[in-house]
Amino acid sequence: MVNKFKTLYRHIIEEERKIPEATGQLSDLLSDIALACKVISLEVNRAGLIDILGFTGQTNIQGEEVKKLDKYANEILTHVMKTSGHTCAVCSEEEEFFIPVEPLYEAKVLENKYICHFDPLDGSSNIDANIAIGTIFSIYKRKSLKGPGTLEDCIQPGINQVAAGYVVYGSSTVLVYTAGKGVHGFTLDPSAGEFLLSYENMQIPRKSKTYSVNEGNYNKWSKGMQKFIDYLKEKDDTTGRPYTSRYVGSLVADFHRNLLYGGIFMYPADAKNPKGKLRLLYEANPLSFIIEQAGGKASDGKNRILDIVPDTLHQRTPLFIGSYDDVSLAEKFLSEYD
Ligand code: AHM
Ligand code: MG
């Protein structure tokens, strides 16, 4: 039975105690990310008041500049990660280059061994419409030995992640993370200011009845992709078709719903985005780590996302992610018709 009063912090510490060689740094880092996301959550909840308090880019009635929410989220997360003492580099979807971080405590050899990647506010087109948006994060261990991190530290394949997670700022604020031992979800209690355990060991249904894709792109898709969506819409009781369609347009929100109820999210390559639209390091890798831990599957249509060796920080990838059997079926259509 779920312990309703287990905080995120306590959960992280209990998980850490199961690993004898753990030093506590990953736990600290995850707690710092959660703190930054609480601050972002407060600001997201106030976003609807911006019209009253002042438009973004202008000064509000206190004389402070009102920052755009995505820039604000980026600044908070970058600042918290740079000053955590545990990172040697920070990479953000909002920053062109990675940010190398000097060690805070030169004397301690074990300090600053992690690299953190994040998409500070995903679903940017939904920000001004009060529709769910989110933060995605991902943590790797450095490969270099000391000092500030290098580009090589920052462009590792997703299989090397030690932890990943996301926060949905929706009807409530929910944080979901994995450190390689299952997927756990926490809901923010705004009065206590704490994330409380609400989903333990999350598992996605193996097969679903839901697909999430921007179908307005249909005419730009490959034959295989078109055939797959046509198939999902046909009526056939024995295979549970037609599927139903759900698309928010915020990856985190679409992903979270599919994780809870089953579903396949797709952002394929198309004539406009031949390499796909979503970012491998900031979006696809962390969610792929989570979905595999939850018993699902993530693919670029042919290959496992976590095995892709990146060349650049902002590399894009096609993404098929969600219920295991549905992602396998999508791969089958693409290999048959493309
Ligand atoms: P963003 O990082 O600029 O917000 O873009 C990523 C978003 C995802 O959240 C979402 O799944 C996708 O872009 C929606 O794209 P589209 O509007 O083309 O359907
Ligand atoms: Mg994004």
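Every chain is numbered independently, its residues counted from 1 as its sequence is written. Labels follow written order: the first chain is A, the first ligand is 1, and so on. At least 70 in pLDDT is required for a residue's local features to be given in this predicted model, at least 80 for side-chain atom pairs to be given and counted, and no such filter applies to totals for whole chains, interfaces and linings, which use all residues. Side-chain measures were taken over the full set of non-hydrogen atoms in the model, leaving aside hydrogen atoms and water.

K.L.:
Honestly, the coordination of the magnesium ion (ligand 2) in this entry has me stumped. Any pointers?
P.N.:
As a benchmark, a tetrahedral metal site with four donors has ideal angles of 109.5 degrees, while an octahedral site with six donors has ideal angles of 90 or 180 degrees. Coordinating N, O and S atoms are those within 2.8 Å of the metal (3.2 Å for Na, K and Ca), and as water is not part of the atoms, a site may appear to have fewer donors than expected. Taken together, Asp119 (OD), Asp122 (OD) and Glu283 (OE) make up the protein donors of the magnesium ion (ligand 2), found 1.9 to 2.2 Å from the metal. Within one chain, the residues donating to the magnesium ion (ligand 2) are spaced in sequence as D-x2-D-x160-E. Of this pair, aspartate 122 sits in strand β3 (residues 114–122) while glutamate 283 sits in helix α8 (residues 280–293), and the two are 161 residues apart along the sequence. Accessibility expressed as a relative area gives 6% for aspartate 122, which makes it buried. Here a helix means four or more residues in a row that DSSP labels H or I, a strand means two or more in a row labelled E, and each is numbered from the N terminus. Note on classification: 1.4 Å probe, protein chains only; a residue is buried when its accessible area is under 20% of the maximum for its type, exposed when over 50%, partly exposed between these limits.

K.L.:
Where do I start with the sheet that holds strand β10 (residues 244–245) in this structure?
P.N.:
Two modes of strand pairing occur in sheets, parallel and antiparallel, and in both the strands are linked by backbone hydrogen bonds. Two strands pair if DSSP finds at least two bridges between them. The strand order across the open sheet formed by 5 strands is β10-β9-β11-β15-β13, and the pairing between neighbours is mixed. In the strand order of this sheet, the two ends are held by β10 and β13 (297–299), each with one partner. Two elements, strand β9 (residues 210–212) and β10, share 2 bridges in a ladder whose sense is parallel. By the bridge assignment for β10, threonine 210 is matched with threonine 244. Here, residues are in contact when the closest pair of their heavy atoms is within 4.5 Å. Axis geometry follows a simple rule: fit a line to the C-alpha atoms, using only the stretch in contact for helices, then measure angles between N-to-C directions, giving values from 0 to 180 degrees. Strands β9, β11 (264–267) and β15 (319–322) of the sheet are contacted by helix α6 (residues 223–233), whose axis makes an angle of about 150 degrees with β11. Where α8 meets the sheet, it contacts β13 and β15, and its direction lies at approximately 30 degrees from that of β15.

K.L.:
What is the right way to read the packing of aromatic side chains from this model?
P.N.:
Each aromatic ring pair is specified by the distance between its two centres and by the angle formed by the two planes. For Phe, Tyr and Trp, rings pair up if their centres lie within 6.5 Å, where Trp contributes its six-membered ring, and each pair is then called stacked (planes under 30 degrees apart), edge-to-face (over 60) or tilted (otherwise). Under the counting rule described, the total for this entry stands at 7 aromatic pairs. Judged by centre distance (5.6 Å) and plane angle (55 degrees), the rings of tyrosine 218 and tryptophan 221 are tilted. Residue classification places tryptophan 221 among the buried residues on the basis of a relative accessible area of 6%. Here the aromatic rings of tyrosine 247 and phenylalanine 265 are separated by 6.3 Å at their centres, their planes lie at 20 degrees, and the arrangement is stacked.

K.L.:
What is the right way to read the site of ligand 1 from this model?
P.N.:
Any residue with a heavy atom lying within 4 Å of a molecule or strand is counted as near it. Taken together, 15 residues form the shell around ligand 1, and within it Gly123, Asn214, Tyr247, Leu251 and Tyr267 come nearest. Interatomic distance of 3.2 Å between a side-chain N/O atom of glutamate 93 and an oxygen atom of ligand 1. Across the complex, the protein chains shield 82% of the 470 Å² of accessible surface that ligand 1 would expose by itself. When residues of the shell around ligand 1 are traced back to their parent elements, those giving at least two are β3 and β11. Taken together, the residues of the shell around ligand 1 sort by class into 5 nonpolar, 5 polar and 5 charged. All the domain ranges listed were derived from an automatic or database domain assignment. Both domains that furnish three or more residues to the shell around ligand 1 are identified here as domain 1 (2–199) and domain 2 (210–337). Each polar contact in these results corresponds to two N or O atoms within 3.5 Å; when the atoms are within protein, one needs to be able to donate a hydrogen and the other to accept it, and residues that are neighboring in sequence are counted only if both atoms are side-chain atoms. For accessible areas, the Shrake-Rupley method is used with a probe of radius 1.4 Å. Any residue's cover is judged against the shown protein chains and nothing else. For this classification, the nonpolar set comprises Ala, Val, Leu, Ile, Met, Phe, Trp, Tyr, Cys and Pro, the charged set comprises Asp, Glu, Lys and Arg, and every other residue, Gly included, is treated as polar.

K.L.:
Would you mind going over helix α9 (residues 324–337) with me for this structure?
P.N.:
Since there are 3.6 residues in each turn of an α-helix, residues three or four apart along the chain are aligned in direction. Helix span, as expected, comes to 1.5 Å for every residue beyond the first. A rise of 1.5 Å per residue sets the reference length of α9, with its 14 residues, at 20 Å; its end C-alpha atoms lie 21 Å apart and thus fit the reference within 8%. Along α9, the positions that sit buried rather than exposed are Asp326, Val327, Ala330, Glu331, Phe333 and Leu334. Around the axis of α9, the buried residues are gathered within 160 degrees of arc, so they sit on the same side. Facing away from the buried side of α9, by more than 90 degrees, are the exposed residues Ser335 and Glu336. Buried residues along α9 sit in contact with α6, β11, β13 and β15. Directions drawn from the helix axis to the C-beta atoms are what define this arc.

K.L.:
I would appreciate a short explanation of the pairing of strand β6 (residues 173–178) in the present structure.
P.N.:
Here is the key point about a regular strand: its side chains alternate between the two faces of the sheet. β6 sits mainly inside the fold: 6 of its 6 residues count as buried. The two faces of β6 match: Thr173, Leu175 and Tyr177 on one face and Val174, Val176 and Thr178 on the other face are all buried. The sheet contact formed by strand β5 (residues 161–169) and β6 spans 6 bridges and is antiparallel. Note on β6: the bridge partner recorded for alanine 164 is threonine 178. Connecting β5 to the next strand, β6, in antiparallel fashion are 3 residues. By the bridge criterion, 5 bridges tie β6 to strand β7 (residues 183–189) in an arrangement that is antiparallel.

K.L.:
Hey, could you run me through the pattern of salt bridges in this one?
P.N.:
Side chains that differ in sign of charge can pair as their charged atoms come close. What makes a salt bridge here is a side-chain nitrogen of Lys or Arg within 4 Å of a carboxyl oxygen of Asp or Glu, nothing more. The final tally for this structure, using the stated rule, is 15 salt bridges. Between arginine 10 and glutamate 14 there is a salt bridge, and its shortest N-O distance comes to 3.1 Å. Residue arginine 10 and its partner glutamate 14 are located together in helix α1 (residues 8–17), separated by 4 residues, close to a single helical turn. A relative accessible area of 41% places arginine 10 in the partly exposed class. Judged by relative accessible area, which is 25%, glutamate 14 ranks as partly exposed. The partner of arginine 46 in a salt bridge is glutamate 43, and the shortest N-O contact between them spans 3.6 Å. Here arginine 46 and its partner glutamate 43 are both found in helix α2 (residues 25–46), 3 residues apart, which amounts to about one turn of the helix. Assessed through its relative accessible area of 22%, glutamate 43 is described here as partly exposed. Linked by salt bridges that have partners in common, Lys6, Arg10 and Glu14 make up one network.

K.L.:
Just to check I follow, could you spell out the sheet that holds β6 for this structure?
P.N.:
Taken in spatial order, the 8 strands of this open sheet run β2-β1-β3-β4-β5-β6-β7-β8, and their pairing is mixed. A single partner strand is all that each edge strand has here, and the edge strands are β2 (99–100) and β8 (194–199). Contacts from α1 reach β6, β7 and β8 within the one sheet, and its direction differs from that of β6 by about 5 degrees. Along the sheet, α2 contacts β1 (87–92), β3, β4 (133–141), β5, β6, β7 and β8; its crossing angle with β4, the most-contacted strand, is approximately 165 degrees.

Such coordinate-based values are descriptive only and should not be taken to indicate function.
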